[in-house]
Amino acid sequence: MNTIIAIIAFVVVALVGWAIAECKAKYVTYNNNEQEDAVLAQARKTLAQNGYTELGIKDVIRTIATTGYSAV
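Calculation criteria
Residues numbered from 1 in each chain as written. Predicted model: local features only at pLDDT ≥ 70, side-chain atom pairs only at ≥ 80, totals over all residues. Heavy atoms only, no water. Helix = DSSP H or I, 4+ residues; strand = E, 2+ residues; numbered from the N terminus. Buried < 20%, exposed > 50% of the residue type's maximum accessible area, 1.4 Å probe, protein only. Areas by Shrake-Rupley, 256 points an atom, 1.4 Å probe, with all protein chains shown as cover. Patch = residues over 30% accessible without salt bridge, like charges linked within 9 Å, V, L, I, M, F, W, Y side chains within 5 Å. Salt bridge = Lys/Arg side-chain N within 4 Å of Asp/Glu carboxyl O.

Observations regarding the overall build of the protein
Looking only at helices and strands, the protein has three helices and zero strands in total. What you see in the protein, going N to C, is helices and strands ordered as α-α-α. Buried positions account for 0% of the 72 residues belonging to the protein. For the protein, the exposed surface amounts to about 7200 Å²; the carbon and sulfur share of it is 65%.

What follows is the structure, given as structure tokens:
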């Protein structure tokens with residue numbers, strides 16, 4: 001009987017925690033301040049000047065070591 005009560009209590013606590021996490025994600029938002037917006041704008045400007053291109057999966061595979069490590 002004690003095991004059943006413990007399982008039910010665990011499920012209730014888990015559901016309450018899950019509900020709190022869902023509500024927090026919905027109602028608590030984050031807004032950038034002016035300093036963060038300025039840094040993001042500067043980063044966008046720098047990337048545009050330097051010709052930023054995002055790598056595709058084939059480019060990533062070409063540039064990383066996929067053969068493993070050889071100690072010899």
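Some remarks on a nonpolar patch on the surface
Residues Ile4, Ile8, Val12, Val16 and Ile20 make up a contiguous nonpolar surface patch of about 460 Å² in total accessible area. Turning to its location among the elements, Ile20 is positioned in helix α1 (residues 2-27).

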